[in-house]
Amino acid sequence: MPAQISAIGPDLAIGAISELACKPVSDAWVHPLGFIHVRLGTVGGLRRRVHIWPKRTVQDERITTLQIHNHAFEFRSRVLTGCVTHQPHSVVESTRGPCRLFEVHNTERGASIVPTSKTCLVNPGHVAACRASEEYVVGPGVFHRSAALDDLSATLVLARPIAGVTSYVVGDRSQRPDDVIWERVSSESLKAVAERILEQLR
């Protein structure tokens, strides 16, 4: 088992945002969960991603359709600005469960959401609110959900793929979600947001 991803630290964070502010980035998309997802390439076997919430996430204490998900990788996230919540969930397969697991198959421009026969019970865990300079780690296959509490929140994510882990989202038992198409973000609008974040980091 590889060692846990090391702490990100302020220098790496500022470097990533400076990259967005200083040069065109073509690999930036609006994620279905409401944030801008920017791919910055791979360094030392770790994928670098910046997530930006331009506005506060609408909170809902009930299970929100397709908000609860896991990843086929482990990651460390550092909050650059604003406040981001992280909430793990216990997901247990059960024929009595009101929810269903859907497999996520990533495509070039989005994701295919495929229903499985696996129904489940979902129990939410503690909500941790992480503010600027704080970091949190999520293991491969761990179900969670995230939300932004401020009108401009951003995180730098370092991710390491783990073989043999399936990506799922949790939905209603009777749900049949459509495939997801991501909307591209222009370099100009991304640069403007990155400059605002950079001002708060310095």
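Placed above this text is the structure.
Residues numbered from 1 in each chain as written. Predicted model: local features only at pLDDT ≥ 70, side-chain atom pairs only at ≥ 80, totals over all residues. Heavy atoms only, no water.

Student: How should the overall build of the chain be read in this particular structure?
Tutor: Within the chain, the secondary structure is distributed over 2 helices and 14 strands. Relative to the 2.2 N^0.38 estimate, which gives 17 Å for 202 residues, the radius of gyration of the chain is 17 Å and therefore close to what a compact globule would have. Projecting the C-alpha coordinates of the chain onto the three principal axes gives extents of approximately 50 × 35 × 30 Å. Of all 202 residues assigned to the chain, the portion counted as buried reaches 47%. For the chain, long-range pairs separated by at least 24 residues make up 82% of all intrachain contacts whose partners lie at least 6 apart in sequence. In the form shown here, the chain has an accessible surface area of approximately 10,400 Å², with 52% of it arising from carbon and sulfur atoms. Between the centroid of the 23 positive side chains of the chain and the centroid of its 20 negative side chains there is a distance of 3 Å. (Helix = DSSP H or I, 4+ residues; strand = E, 2+ residues; numbered from the N terminus. Rg over C-alpha atoms; globule rule 2.2 N^0.38 Å. Buried < 20%, exposed > 50% of the residue type's maximum accessible area, 1.4 Å probe, protein only. Contact = heavy atoms within 4.5 Å. Areas by Shrake-Rupley, 256 points an atom, 1.4 Å probe, with all protein chains shown as cover. Lys, Arg positive; Asp, Glu negative; His and termini not counted. Charge placed at Lys NZ, Arg CZ, Asp CG, Glu CD.)

Student: Would you take a moment to explain the sheet that holds strand 3 (residues 46–53) for this structure?
Tutor: Across a sheet, paired strands are connected by hydrogen bonds in the backbone, their directions being either parallel or antiparallel. In spatial order, the strands read 9-4-11-3-2-1-14; together these 7 strands make up an open sheet with antiparallel pairing. One side of each edge strand has no neighbouring strand; the edge strands of this open sheet are strand 9 (135–138) and strand 14 (183–184). Packing of helix 1 (residues 9–22) onto the sheet brings it into contact with strand 2 (36–43), strand 3, strand 4 (73–81), strand 9 and strand 11 (153–161), and relative to strand 3 it is tilted by some 70°. Of the strands in this sheet, strand 1 (28–30), strand 2, strand 3, strand 4 and strand 11 touch helix 2 (residues 187–201), which is tilted by about 70° from strand 4. (Pairing = 2+ DSSP bridges. Axes fitted to C-alpha atoms, helices over the stretch in contact; angles between N-to-C directions.)

Student: What is the right way to look at the layout of surface pockets in this model?
Tutor: Here the largest pocket is characterised by a volume of approximately 960 Å³. Taken together, 40 residues line the largest pocket, and the ones lying closest to its centre are H31, H71, F73, N106 and W182. When residues of the lining of the largest pocket are traced back to their parent elements, those giving at least two are strand 2, strand 3, strand 4, strand 6 (99–107), strand 7 (110–124), strand 10 (143–148), strand 11 and strand 12 (168–172). For the lining of the largest pocket, the residue count by class is 19 nonpolar, 16 polar and 5 charged. (1 Å grid on protein atoms, 1.4 Å probe; cavity = no way out; pocket = protein on both sides within 12 Å on 5 of 7 lines; lining within 4 Å. Points joined across faces, edges and corners; volume = space filled by probe spheres on them. Nonpolar A, V, L, I, M, F, W, Y, C, P; charged D, E, K, R; others polar.)

Student: How do you make sense of the side chain of S18 when you look at a structure like this?
Tutor: The topology assignment puts S18 in helix 1. In this structure S18 touches L198 and R202, once residues within four positions along its chain are discounted.

Student: Is there a simple way to explain helix 1 in this structure?
Tutor: The periodicity of an α-helix, 3.6 residues per turn, causes residues three or four positions apart to be oriented the same way. Between its first and last C-alpha atoms helix 1 spans 21 Å; for 14 residues at 1.5 Å apiece the expected length is 20 Å, and the two agree. Looking only at helix 1, the buried set comprises G9, A13, A16, I17, S18, L20 and A21. In this structure, the buried side of helix 1 is in contact with strand 2, strand 3, strand 4, strand 9, strand 11 and helix 2. (Expected span 1.5 Å × (residues − 1).)

Student: Got a minute to help me understand the packing of aromatic side chains in this structure?
Tutor: By convention here, two paired aromatic rings are described through the distance between centres and the angle between planes. Under the counting rule described, the total for this entry stands at 3 aromatic pairs. For the ring pair F35 and W53, a centre distance of 5.1 Å and an interplane angle of 50° mean the geometry is tilted. With F35 in the loop between strand 1 and strand 2 and W53 in strand 3, this pair connects stretches of sequence that are 18 residues apart. Ring centres of F75 and Y136 lie 6.3 Å apart, and the angle between their planes is 75°; this geometry places the pair in the edge-to-face category. On the criterion of sequence distance, the pair formed by F75 in strand 4 and Y136 in strand 9 is long-range, its members being 61 residues apart. The exposure class of Y136 is buried, given its relative accessible area of 10%. By the ring-pair criterion, three or more aromatic residues cluster together here, those being F73, F75 and Y136. (Phe/Tyr/Trp six-rings, centres within 6.5 Å; stacked < 30°, edge-to-face > 60°.)

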